[in-house]
Amino acid sequence: MTGIRHHATGIRLTAPAPGWSIDADVVVVGSGVAGLTAALRCAAAGLATVVVTKARLDDGSTRWAQGGIAAALGEGDTPEQHLDDTLVAGAGLCDEDAVRTLVTEGPDAVRRLIGTGARFDTTDGGEIALTREGGHHRSRIAHAGGDATGAEISRALVAAVREAALRTIENALVLDLLTDADGRTAGVTLHVMGEGRHDGVGAVRAPAVVLATGGMGQVFSATTNPAVSTGDGVAVALRAGAEVSDLEFVQFHPTVLYLGADSEGQQPLVSEAVRGEGAHLVDASGARFMVGQHELAELAPRDIVAKAITRRMELHGTEHMYLDARHFGADMWERRFPTILAACRAHGIDPVTEPIPVAPAAHYASGGVRTDLRGRTSVPGLYACGEVACTGVHGANRLASNSLLEGLVFAERIATDIVERANDADHVRDAERANDTAQTQGVAQTSDTAQTNGAAQTNGVAQTGSTARADDAGPAAGGTAPRTPGAADRPLAAAADPAAVPAPSPLLDPEQRGTVQRIMTRGAGVLRSAESLAAAADALEALHDGAARAAAPDGARDADARDADARDADRPKPAEPGVEAWEATNLLLVSRVLVAAARRREETRGCHWREDRPERDDENWRRHLVVRLTPERRLVLRRTETAAFGPVSPAQAPDCAAASPIHPDDHPDD
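Residues numbered from 1 in each chain as written. Predicted model: local features only at pLDDT ≥ 70, side-chain atom pairs only at ≥ 80, totals over all residues. Heavy atoms only, no water.

**Topic: the packing of helix H8 (residues 329–336) against helix H9 (residues 338–346)**
Then step 1. Following both chains from N to C, one finds H8 and H9 inclined at 110°, their axes separated by 5 Å at the closest point. Taken together, H8 and H9 sit at an angle that is classed as roughly perpendicular. Contacts between H8 and H9 involve Trp333, Glu334, Arg335 and Arg336 from the first element and Pro338, Ile340, Leu341 and Arg345 from the second. (Axes fitted to C-alpha atoms, helices over the stretch in contact; angles between N-to-C directions. Helix = DSSP H or I, 4+ residues; strand = E, 2+ residues; numbered from the N terminus. Parallel < 35°, antiparallel > 145°, perpendicular 65-115°, else oblique. Contact = heavy atoms within 4.5 Å.)

**Structural notes on the environment of Ala273**
Then step 1. Among the structural elements, Ala273 can be located in helix H6 (residues 272–276).
Then step 2. Judged by relative accessible area, which is 1%, Ala273 ranks as buried.
Then step 3. The spacing of Ala273 and Arg132 is 141 residues in sequence and 6.6 Å in space, taken between C-alpha atoms.
Then step 4. Here Ala273 is in contact with Gly67, Arg132, Glu133, Arg336 and Phe337, once residues within four sequence places are set aside. (Buried < 20%, exposed > 50% of the residue type's maximum accessible area, 1.4 Å probe, protein only.)

**Focus: the environment of Gly233**
Then step 1. By the element assignment, Gly233 lies in helix H5 (residues 232–240).
Then step 2. The sequence separation of Gly233 and Val174 amounts to 59 residues, and the corresponding C-alpha distance is 8.3 Å.
Then step 3. Excluding its chain neighbours within four sequence positions, the residues that come into contact with Gly233 are Leu211, Thr213, Val369 and Val388.

**Some words on the pairing of strand S12 (residues 208–211)**
Then step 1. Because side chains alternate across S12, one face comprises the buried residues Ala208 and Val210, and the other comprises Val209 and Leu211, equally buried.
Then step 2. Sheet topology places strand S3 (residues 26–29) next to S12; four bridges connect them, and they run parallel. Across the sheet, residue Val26 finds its bridge partner in S12, namely Ala208.
Then step 3. The sheet contact formed by S12 and strand S21 (residues 382–384) spans three bridges and is parallel. Within S21, the position partnered with Val209 by the bridge is Leu382. (Pairing = 2+ DSSP bridges.)

**Here we look at the side chain of His608**
Then step 1. Along the chain, His608 falls in the loop between helix H14 (579–600) and helix H15 (618–621).
Then step 2. At 2.9 Å, the side chain of His608 forms a polar contact with the side chain of Arg528.
Then step 3. Of note is the side chain of His608, whose polar atom sits 3.0 Å from the backbone oxygen of Arg601.
Then step 4. In this structure His608 touches Glu248, Phe249, Arg528, Ala598, Arg601 and Glu603, once residues within four positions along its chain are discounted. (Polar contact = N/O pair within 3.5 Å; in protein donor to acceptor, adjacent residues only side chain to side chain.)

Shown next, in the form of structure tokens:
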């Protein structure tokens, strides 16, 4: 990937002005393995750290991870072997430097996680118990509680956060990024839910923001992702001007418990570890169909297994296949997979005595906010890690159980970068103060820091004078004061300048959320084609245009539009600002980006399956697709020259004129 450039959009969600603010050194958005690891490392270095999470502290995607965390911990296994398996699974689009970072730093990162308090299953000899999953040639998956690895990791990290008395804001949806007059990160705006306030919008002002918001599985009707996974982090980053990459690569987990054709929302996952322990995929006649499809049979990479299941379903005219693990016996099911056993039985299926009906469902976004090896995005001061990020590790298809490891490793790297920059800033300020003291020859200074008194922009809304704090607890629990300059020390873009005030983004009616999901499931699901993607793009653009038309004041619409409205008694009413409308709007934005990238990638690679382009095309498509949002709310897409990810270096960014705008009825050339 070539260098990254900052492109400010001046776009924000329509929301009330913040009524309170908190100052910090770092704000981490998300409370999964990535977010809490970054927060703990920053706090341990003495930085005032605030964690913002959409639900409860332990309600992120991490707790739903069943299988485990992959690392070369076993006898005879090496990081090089782990690297080879990851590169194969990534179908030619992994960045080798990123993967090498993951697999070499991974084992020690897991050991540090154990030191934090995570308890993994062990053998009779006291060693970490390891199993295999799809795409791995060795047993290297550490697990906890049989099939409750994510829940155990979440428990340990949440306990560590509470023990460290980190400041946390739960039940809070982050709305947009704050930036200063130079385009640097200055914090976030957010809405606190369930606090008994009519208006819960506030701000956390900090010079470093870490997005660790998880995935975007809720863009599809059926997913393994929790309800909070609405692509908020990717949407926030796009509106802030950051680039996103590889969003077309959505992994559909092959074995999700089939609950019926009309089942929507979060679906129970049947972990790949079940196949790792010897379960077989069979059709209704009991015939195994993965044998001969791949050398690893049921343990082939996920994209291959998902495609094989889908083909078999089409061949037989059925809506699911079966996972047969009756030979495990009751004792193994209860000991090794208690969570899956309970979920199946809750839906009237007993895996001990009958095969489990399974079908693919949206599971993981291999793409996301484009970062370098330190988690830095194209917006200075904005970082991303975990599923929301695109580090180059996963390529076109994530290797099983690499996700928890990626969140862990890159969160630590982000914390290191933030701390180093804070220390450098301390050194610069100390030198400046020493110089000031020398120049004044001992004359007392009247002030150490110039304070801004004018209007400040908070999420594009003018805010004057002092701001009310959310509470009286101070900038961080335990009384830690911010040591790096925050938004209060660097003037924000002056709201008096009309060009500096971001334009509110039209909100999608929350009732259209299901419409977005159905459009995406039909047009951009496991099977895609030029026809299905074009239909999806048109339908999504119609929703986007409808929201814009509904939100536009009468004076802003041209005469033809006003005449059309007059004739149309069903003209949609503007959506009211609120959590459901903000989520729906975020879903629509990331869906538009995903479909735009999927239309452009005219090949089949990894978890992107084009029926009309069934072959992999390395000559033209072994490269990444990068999308950004312009101030005119247009999506602009460009194709990188190689598959490699490079360092963040604005000076190396390609001329934006070389990028192609995306129109709803256009399929531009590169």
